[in-house]
Amino acid sequence: MTDDITTRIRAIIAEQAMLDPDQITDQATPADLGIDSLCLVESIFAIEEEFDISIPFNANEPEKSEFDISNMGTIIAAVHRLAADKAG
Amino acid sequence: MSKPLDEALIDAGRAAPAIQGGRDLAGRGGLRRVVITGAGTINALGHDVASTMQAFRDGRCGITQLEFRDVDRLSIQIGAQVHDWTPETYFNRQQILLYDKFTQFTLLAAKQAVEQAGLHFQGALGLRSGVVLGTAGGGLNTWDENYRAVYEEGKNRVHPFVVPKLMNNAAASHVSMEFGLRGPAFTVATACASSNHAMGLAFQMVRSGAADVMLSGGSEAMLCFGGVKAWEGLRVMSPDGCRPFDARRNGMVMGEGAAVFVLEAPLVPIAEQDNRITNTPMPAAPRSWPRSWGSPCRLMRRTSSCRPPRGPSARSLAR
């Protein structure tokens, strides 16, 4: 299923990773896409700007953050939840 | 009465014996000659050394009406601003996001200087080379834009690269990364004397043998609303022109730009350099630069025939 939010996230990640949006699969990890730590922080900023949400992500301890960045699927799911929370 | 500095340096250079058998031999007191082999600049008069020198010869003034957001709210509206600056000509989108204007200026000037010197820093030379730059304000435009975003526009989020862009050593760090200079890389801040002190330090590092090649000079990009407003507060700015040593002088005029030089130790006699393997043309301009620094001479590309991988060897790091 590809909804509007998912499409917009893939577009952001694709731009950051300099890839085609079709290459941003749910199984892909940030490392798979060539996204390093700095690029990840930039991507999170871009997603926050796009959806006007605040993402609970601490770059010091990414694995302990509430925001699960294991792969694109977990990221997309987490952004869906944050967008829904914002919409109330 | 001691000799003037430039004469003393030339004397030190004369005393330094030429290289023998591929090793550079320190001169009197272990001090080496230092020569300038490359220069680069961008400023209000031109985007390189040649156009800047031509503007000097033409007696052209670089001071113009300032052009940037909210300039109408300033009482000082003139400056030596760089015009026709299109960073996308030199940098990709990702680089532009990461480089404040003072870093962009620096990287362009450094590129010109390194090209003129004809140096490549792969391998051993990179480990013996560094960069010391001066700046007083650093990433003023980045401060300005982001203060505006959070205070004036009420935004609660700024781009993650704000800190890497605004910090005063950003330009030196990016020069180090761009050209593979793995020796000392830092920035000196002493107000208007910053670049002068940076070049003094770089000179001493080459002269003492702490480094073989140093890039040095400096950069400033304060011409933005907050930058000029701050200077207005000092009440030292001229509203109409720059007239140093003139009875009608009424203040200073702010400019922006960068200048970078390549300082080297002359390791190989000039005669041997004619045989070096290189496609790089000899420098056309810098004959006027090195006089006070020693006689012009050039560093042989010690790495030209052998280029090890980029990463330093464990042994070289342990030394």
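Note: the structure precedes this text.
Visitor: Residues and numbers for the packing of helix 4 (residues 101–117) of chain B against helix 8 (residues 170–179) of chain B, please.
Guide: All names here are of chain B. Across the interface, helix 4 lies against helix 8 with an axial gap of 9 Å and an inter-helix angle of 40 degrees. For the element pair helix 4 / helix 8, the angle class is oblique. Pair helix 4 / helix 8 crosses with right-handed handedness. In this structure, helix 4 contributes Phe102, Thr103, Thr106, Leu107, Ala110, Lys111 and Val114 to the contact, and helix 8 contributes Ala170, Ala171, His174, Val175, Glu178 and Phe179. Grouping the constituent residues of the contact of helix 4 with helix 8 by class yields eight nonpolar, three polar and two charged.

Visitor: Summarise the state of the cysteines; cite the residues concerned and give the values.
Guide: All names here are of chain B. Summed over the entire model, instances satisfying the criterion amount to zero disulfides over all chains. Just so you know, cysteine 61 is unpaired, no disulfide at all, and the nearest cysteine sulfur is the one on cysteine 242, 7.5 Å from it. Take cysteine 61: its relative accessible area is 52%, and that puts it in the exposed class.

Visitor: An account of the pattern of salt bridges is requested, with residue identities and associated values reported.
Guide: Under the criterion given, the structure shown has 19 salt bridges over all chains. Salt-bridge contacts for aspartate 4 of chain A lead to arginine 8 of chain A; the nearest nitrogen and oxygen are separated by 2.8 Å. One end of the pair is aspartate 4 of chain A and the other is arginine 8 of chain A, both in helix 1 (residues 4–17) and four residues apart, which spans about a single turn. Its salt-bridge partner being arginine 93 of chain B, residue glutamate 15 of chain A comes within 3.3 Å of it at the nearest N-O pair. Placement of the pair is glutamate 15 of chain A in helix 1 and arginine 93 of chain B in helix 3 (residues 93–98), with the two residues belonging to separate chains. Take glutamate 15 of chain A: its relative accessible area is 45%, and that puts it in the partly exposed class. Here the salt bridges do not stand alone but share partners, grouping Arg69, Asp70, Asp144, Arg148, Glu152 and Glu153 of chain B into one network.

Visitor: Pulling in residues and values, what's your account of the packing of helix 1 of chain A against helix 3 (residues 72–87) of chain A?
Guide: Packed helices, taken two at a time, are described by the angle between their axes plus the distance between the axes. Residue and element names in this part refer to chain A. Packing of helix 1 against helix 3 brings their axes to within 10 Å, and their N-to-C directions diverge by 125 degrees. As the angle between them shows, helix 1 and helix 3 are arranged oblique. In this structure, helix 1 meets helix 3 at a crossing whose hand is right-handed. Residues Ile5, Thr6, Ile9, Arg10 and Ile13 of helix 1 lie in contact with helix 3, whose contacting residues are Met72, Ile76, Val79, His80 and Ala83.

Visitor: Give a detailed account of the interface of chain B and chain A, specifying residues and quantitative values.
Guide: Of the residues lining the interface, nine residues belong to chain B; the matching set on chain A comes to eleven residues. Here chain B and chain A share an interface that buries about 900 Å² over both sides, 51% of which is from carbon and sulfur atoms. Ranking the residues of chain B by area buried against chain A places Arg93, Arg157 and Pro160 of chain B at the top, with a combined share of 58%. Remark: the boundary between chain B and chain A carries four salt bridges. Applying the counting criterion to the chain B and chain A interface returns seven residue pairs in polar contact (both at pLDDT 80 or more). Broken down by class, the residue content of the side of chain B that touches chain A amounts to four nonpolar, two polar and three charged.

Visitor: Account for the packing of aromatic side chains, naming residues and giving values.
Guide: Residues and elements named next belong to chain B. For the coordinates displayed, the defined rule picks out six aromatic pairs over all chains. Where tryptophan 85 meets tyrosine 90, the ring centres are 5.4 Å apart and the plane angle is 15 degrees; that geometry is what we call stacked. An aromatic cluster of three or more residues is present, and its members are Trp85, Tyr90, Phe91, Tyr99 and Phe105.

Visitor: Can you explain the nonpolar core? Please cite residues and give values.
Guide: Core analysis: the largest hydrophobic core is formed by 33 residues, its most contacted members being Phe121, Val175, Leu215 and Val262 of chain B. Broken down by secondary-structure element, the contributors of at least two residues to this core are helix 4, strand 4 (129–134), helix 8, strand 6 (213–220) and strand 7 (257–264) of chain B. No other element matches the nine residues that helix 4 of chain B contributes to this core. If we skip the residues at most four places from it in the chain, valine 262 of chain B touches Val35, Ile36, Thr37, Gly38, Ala113, Val114, Ala117, Leu119, Val213, Met214 and Leu215 of chain B. Core analysis: the next-biggest nonpolar cluster, separate from the first, contains 28 residues, Ala14, Ile24, Ala78 and Leu82 of chain A among them.

Visitor: Describe the sheet that holds strand 6 of chain B, listing the residues and the values that go with them.
Guide: Residues and elements named next belong to chain B. Reading across the sheet, the five strands line up as 1-7-6-4-5 and stay open at both edges, with mixed pairing between neighbours. Of all the strands in the sheet, the pair left with one neighbour each is strand 1 (35–43) and strand 5 (185–188). Shown here is a sheet whose adjacent strand axes are inclined to one another by a mean of 15 degrees, direction ignored. Contacts from helix 4 reach strand 1, strand 4, strand 6 and strand 7, with the element oriented near 145 degrees to strand 1.

Visitor: Tell me about the environment of valine 175 of chain B, residues and numbers included.
Guide: Residues and elements named next belong to chain B. Mapping valine 175 onto the fold places it in helix 8. A relative accessible area of 1% means that valine 175 is categorised as buried. In this structure, the C-alpha to C-alpha distance between valine 175 and phenylalanine 91, residues 84 residues apart in sequence, is 13 Å. Here valine 175 is in contact with Thr106, Leu107, Ala110, Val131, Leu133, Leu181 and Leu215, once residues within four sequence places are set aside.

Visitor: So what about the side chain of glutamate 256 of chain B? Which residues, and what values?
Guide: Residues and elements named next belong to chain B. Relative to the assigned elements, glutamate 256 resides in the loop between helix 10 (225–234) and strand 7. Notably, glutamate 256 is buried but unbridged: the nearest opposite-charge side chain belongs to lysine 101, and the N-O separation is 4.1 Å. Non-local contacts of glutamate 256, meaning those with residues more than four positions away in its chain, are made with Ile42, Asn43, Ala44, Ala80, Gln81, Val82, Lys101, Phe105, Glu220, Ala221 and Leu223.

Here is what the cut-offs are and how they apply
- Residues numbered from 1 in each chain as written.
- Chains lettered and ligands numbered in written order.
- Predicted model: local features only at pLDDT ≥ 70, side-chain atom pairs only at ≥ 80, totals over all residues.
- Heavy atoms only, no water.
- Axes fitted to C-alpha atoms, helices over the stretch in contact; angles between N-to-C directions.
- Helix = DSSP H or I, 4+ residues; strand = E, 2+ residues; numbered from the N terminus.
- Parallel < 35°, antiparallel > 145°, perpendicular 65-115°, else oblique.
- Left-handed = near helix turned anticlockwise from the far one by under 90°.
- Contact = heavy atoms within 4.5 Å.
- Nonpolar A, V, L, I, M, F, W, Y, C, P; charged D, E, K, R; others polar.
- Disulfide = S-S within 2.5 Å.
- Buried < 20%, exposed > 50% of the residue type's maximum accessible area, 1.4 Å probe, protein only.
- Salt bridge = Lys/Arg side-chain N within 4 Å of Asp/Glu carboxyl O.
- Buried area = accessible area lost by both parts, 1.4 Å probe.
- Polar contact = N/O pair within 3.5 Å; in protein donor to acceptor, adjacent residues only side chain to side chain.
- Phe/Tyr/Trp six-rings, centres within 6.5 Å; stacked < 30°, edge-to-face > 60°.
- Core = buried A, V, L, I, M, F, W, Y, C linked by side-chain atoms within 4.5 Å.
- Pairing = 2+ DSSP bridges.
- Lys, Arg positive; Asp, Glu negative; His and termini not counted.

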